[in-house]
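Observations on the model geometry
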Amino acid sequence: MIQFTSHGDYGNWVDNKWLDSSSENRISVISPYFDKQIATIPDSGKSDLDIAVEKAKSAFPNWADTNIRDRAQIMFRFKSIIEKDMDNLAALIALDNGKTIADAKGSILRGIEVIEYATSLPNVLNGESSDVGPGINCTMTHEPLGVVAGITPFNFPVMVPLWMIPLAIASGNTFILKPSEQTPLAGLKLAEYLKQAGLPDGVFNVVNGAKTIVEALCDHQDIKAVAFVGSSNVAKIVYNRCSQNSKRSLCLGGAKNHMIVVPDADTDSTAKGLLASSMGSAGQRCMAASVAVGVANIDHIIDQLVEEARNFKLGVDMGTIISKTALDRITGYIDEAEKMGAKILVDGRNNSPPDDYKQGYWLGATILDGIDPDWPSAKEEIFGPVLSIIRADTIEEAMKIENNNPYGNAAAVFTTSGQIAKVVSEKASAGMVGINIGVPVPRDPYSFGGWNESKYGHGDITGKSGVEFWTNLKKVTARWPESEEAWKKYF
Ligand code: NAD
C-alpha cells in the first residue's frame, strides 16, 4: 500500500547539509498515485550552482588524496545503509515516481550492484607497470578529474544516480547531482545515506532544478565532466553544450528496442519475456522492448501474450504513468495507431484504476498488432505500456526493420536456433542484445550503454567503462641512474 505523505519544501544539499536556494521559483513535486503535491524543490540557478561547485572544489584535494581503500570502505557502508532502509526508500520511490513497491525494490537492487562494483575499485584502479626499455619503466594510473556532475531522468530515481555516484566518487572525484525535477526525493535521500556512511563534507552535493541548472552545469568552467541520462533530444543538447565548453560528457538517450520473435521460440517463456519487457515499469524504461517483430507465423506466442496481458493488474503488476501529460501523450499514440488501422489486441485505455488510487495516472497493458514500420507507434519512443507488433516474412526483413530505427539501446531475439540467435546478435544495431532475454541489462562488471541516437559520447556508463569516464590516465616513464657508484656507496 502506498501511503500519501507530504514531504514539505526542500532546498539543495551542499557540504553535507541543507541549503536554501536563492531562487524564488519553486517546482511542485506531484505523486502520480494521488495527483497531489508531495513536496516542492527550488528551480535553482547559476548562483546556487556556484556555491555547490565551490564546496565540491574545496573538498576535492583531500578526497582525491584519500586512500582508495578508505574511499571503498565508505561505499561498503553506503550499500549497507541503503539495504537497511530499503523499505522506506522503496516507498519513497513509489510515491514519487509511481512504481509498485516491488519494482522500486528491484531498481534499488540493480543500483546496489554498481556500489558493489565501486567497492572493488581498489582492485580495478591498481594501475599498470612494466619495464619498457633498458632501465626504463612505465606506470599508468587512473586519476580523478575534479568536480564532476550527473543529470538524471524521472524513471529510475535511485538506480540511474547510482550508475554514476559510486564510480565517480570512489574514483576520487567530488560530485554534483541534478536529479529529475519530477522525482527528486529519493536522490536527496542518497545524500543523507552518504553522510551517514562517513563521506566528508562537500564530496557529494545535490542541486535541484530544471533546464536553467542543466545549462549552468554544462557551462561551468570548474566542472570537468557531465554524465547525462534522459531523452535523446536533451541528451544531444547537453552533449553539444558540454562539447562547446570543451567538457567531457557522456549522454545516454531514449530508445525504441525491438524483439525479434521466431516461431521456434519457447512459447511460454517468450510470451512472458515479451510482456515483462514491454510492460515492466509501465513501459517507462529505456530497456523496454516496445516493438515485437514477428517472423512468419508467431500467433501461438501472441495468443498467450494477449491472455497474460489481460490478467495484468494495475497497482500490482504495474505502477502508474509519471504525469497527466505523459498519459495523454501515450494514449495519443494508441488513438492514432487505431485510426491508422492497427488491430488492438489488448486495450489498456479500458482498465479501471485501483480502488485506493483513483486519482492516479493509470493506463493498462496495451498490445497493437498489424503496425506498419513507418507509423509513429513503430518509430517513436512512446515510453508507456504499449507493445507494437510488426509482422515480417523473414529474419532479413526483421533485421532491416530493427536496423532502420534511429535508436540503438537494446534488441532481443527469442528463438531456440543457435544460428538465428547468432545472426540477430551480430546484425542488431544496438549496444545491448538479449538472447531469450527481453531486458538485456548487462550485470557489472559488464557495462551499460547503447549505440546510435541512444547515446552521445564515447564509452558506457557503468563497469570499467564508467571508471574510464570519470578518470584520466597518467603515464609515468622513469629512468634510474645505472652507475654502480650511485648505489654501492650506500651498502
Ligand atoms: P528528460 O530528457 O525530459 O529529462 C532528463 C533530465 O534532463 C532531467 O533532469 C531534466 O531536468 C533535464 N531536462 C529536461 N529538458 C531539458 C532541457 N530542455 N534542457 C536541459 N535540461 C533538460 O527525460 P525524462 O522524461 O526525465 O526521462 C525519460 C527519458 O530518459 C526517456 O527517453 C528514456 O528512454 C530515457 N532514459 C534513458 C536511459 C538510458 O540508459 N539510455 C535510462 C533511463 C531513461
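Residues numbered from 1 in each chain as written. Predicted model: local features only at pLDDT ≥ 70, side-chain atom pairs only at ≥ 80, totals over all residues. Heavy atoms only, no water.

When the domains of the protein chain are assigned, the result is domain 1 (8-253 + 461-476) and domain 2 (257-435). Measuring from the centre of the C-alpha atoms in domain 1 to the corresponding centre in domain 2 gives 32 Å. On the domain 2 side, the residues contacting the 17 residues of domain 1 number 21 residues. Both sides of the domain 1 and domain 2 interface together cover about 1500 Å² of buried area, and 60% of this is carbon and sulfur. Considering only the surface of domain 1 that becomes buried against domain 2, Pro32, Tyr33 and Phe154 emerge as the three largest contributors, covering 33% of it. Seen at the junction of domain 1 and domain 2, the total is zero salt bridges. (Domains from an automatic or database assignment. Contact = heavy atoms within 4.5 Å. Buried area = accessible area lost by both parts, 1.4 Å probe. Salt bridge = Lys/Arg side-chain N within 4 Å of Asp/Glu carboxyl O.)

This paragraph deals with the sheet that holds strand E5 (residues 128-133). Strands in a sheet are paired, the pairing made by backbone hydrogen bonds, and the direction either parallel or antiparallel. With antiparallel pairing, three strands are arranged side by side in an open sheet as E5-E6-E20. Looking at which strands have only one partner, the edges of the open sheet turn out to be E5 and strand E20 (471-479). In this sheet, neighbouring strand axes are inclined to one another by 25° on average, regardless of whether the strands run parallel or antiparallel. Here E5 runs beside strand E6 (residues 136-144); their pairing, made up of five bridges, is antiparallel. Pairing of Asp131 across the sheet is with Asn137, part of E6. (Pairing = 2+ DSSP bridges. Helix = DSSP H or I, 4+ residues; strand = E, 2+ residues; numbered from the N terminus. Axes fitted to C-alpha atoms, helices over the stretch in contact; angles between N-to-C directions.)

Reading across from one edge, E14-E15-E16-E13-E12-E17-E18 is the order of the seven strands in this open sheet, with mixed pairing throughout. The open sheet has two free edges, formed respectively by strand E14 (343-346) and strand E18 (432-435), since each of these has just one partner strand. Adjacent strand axes in the sheet meet at a mean angle of 20°, parallel and antiparallel pairs treated alike. Here strand E17 (residues 410-414) runs beside E18; their pairing, made up of four bridges, is parallel. Each bridged residue has a counterpart across the sheet, and for Ala411 the counterpart in E18 is Val433. In the packing of helix H11 (residues 299-310) onto the sheet, the strands contacted are strand E12 (257-261), E14, strand E15 (366-369) and strand E16 (386-392), and the crossing angle to E14 comes to about 60°. Relative to the sheet, helix H12 (residues 324-340) contacts E14, E15 and E16, its axis offset from that of E15 by approximately 30°.

What follows concerns the packing of helix H2 (residues 68-84) against helix H6 (residues 159-170). Packed helix pairs are specified by the crossing angle of their axes together with the interaxial distance, meaning the distance between the axes. H6 packs onto H2 with a crossing angle of 150° between their chain directions and a minimal axis gap of 9 Å. Taken together, the axis directions place H2 and H6 in an arrangement best described as roughly antiparallel. Only Leu162, Pro166, Ile169 and Ala170 of H6 make contact with H2, whose side of the interface consists of Ile68, Arg71, Met75, Phe78 and Ile82. Its residues assigned to classes, the contact of H2 with H6 comprises eight nonpolar, no polar and one charged. (Parallel < 35°, antiparallel > 145°, perpendicular 65-115°, else oblique. Nonpolar A, V, L, I, M, F, W, Y, C, P; charged D, E, K, R; others polar.)

Around the ligand lies a shell of 25 residues, among which Lys178, Glu181, Ser231, Gly253 and Glu381 are the nearest. Measuring from an oxygen atom of the ligand, one finds a side-chain N or O atom of Lys178 at 2.7 Å. A distance of 2.6 Å separates an oxygen atom of the ligand from a polar side-chain atom of Ser231. If the ligand stood free it would expose 840 Å²; the protein chains cover 88% of that surface. Elements represented by at least two residues in the shell around the ligand include exactly helix H8 (211-219) and strand E10 (223-229). Here the shell around the ligand is composed, by residue class, of 13 nonpolar, eight polar and four charged. There are two domains that each give the shell around the ligand at least three residues, and those are domain 1 (8-253 + 461-476) and domain 2 (257-435). (Near = heavy atom within 4 Å. Polar contact = N/O pair within 3.5 Å; in protein donor to acceptor, adjacent residues only side chain to side chain. Areas by Shrake-Rupley, 256 points an atom, 1.4 Å probe, with all protein chains shown as cover.)

Another point: the pattern of salt bridges. According to the stated counting rule, one finds 25 salt bridges in the structure shown. The salt bridge involving Lys17 is made with Asp15; its shortest N-O contact spans 3.7 Å. A relative accessible area of 47% places Lys17 in the partly exposed class. The salt bridge involving Asp268 is made with Lys272; its shortest N-O contact spans 2.8 Å. Taken together, the positions of Asp268 and Lys272, both in helix H10 (residues 267-279) and four residues apart, correspond to about one turn of that helix. A relative accessible area of 38% places Asp268 in the partly exposed class. Here the salt bridges share partners, and the residues they tie into one network are Lys211, Glu215, Asp219 and Arg241. (Buried < 20%, exposed > 50% of the residue type's maximum accessible area, 1.4 Å probe, protein only.)

Along the chain, the position of Lys178 falls in strand E8 (residues 174-178). For Lys178, the side chain forms a polar contact with the side chain of Glu181, separated by 3.3 Å. Among the polar contacts listed, one links the side chain of Lys178 to the backbone oxygen of Gly209, at a separation of 2.9 Å. Ignoring sequence-local partners within four residues, the contact set of Lys178 consists of Gly150, Ile151, Thr152, Val207, Gly209, Ala210, Ile213, Val214 and Leu217.

This paragraph deals with the environment of Ala104. Relative to the helices and strands, Ala104 is located in helix H4 (residues 101-119). Taking the C-alpha atoms as reference points, Ala104 and Tyr33, 71 residues apart in sequence, are found 14 Å from one another. Beyond its immediate sequence surroundings of up to four residues, Ala104 is in contact with Ala90, Ile93, Ala94 and Lys99.

Our focus in this paragraph is the side chain of Lys99. Mapped onto the secondary structure, Lys99 falls in the loop between helix H3 (86-97) and H4. One buried charged residue, Lys99, forms no salt bridge at all, with the nearest opposite charge on Asp103 at 5.4 Å. Of the polar contacts made by the side chain of Lys99, one reaches the backbone oxygen of Asn155; its length is 2.8 Å. Contacts of Lys99, omitting those with residues within four sequence positions, involve Tyr33, Ile93, Ala94, Ala104, Ser107, Asn155, Phe156, Pro157, Ser281 and Gly319. (Lys, Arg positive; Asp, Glu negative; His and termini not counted.)

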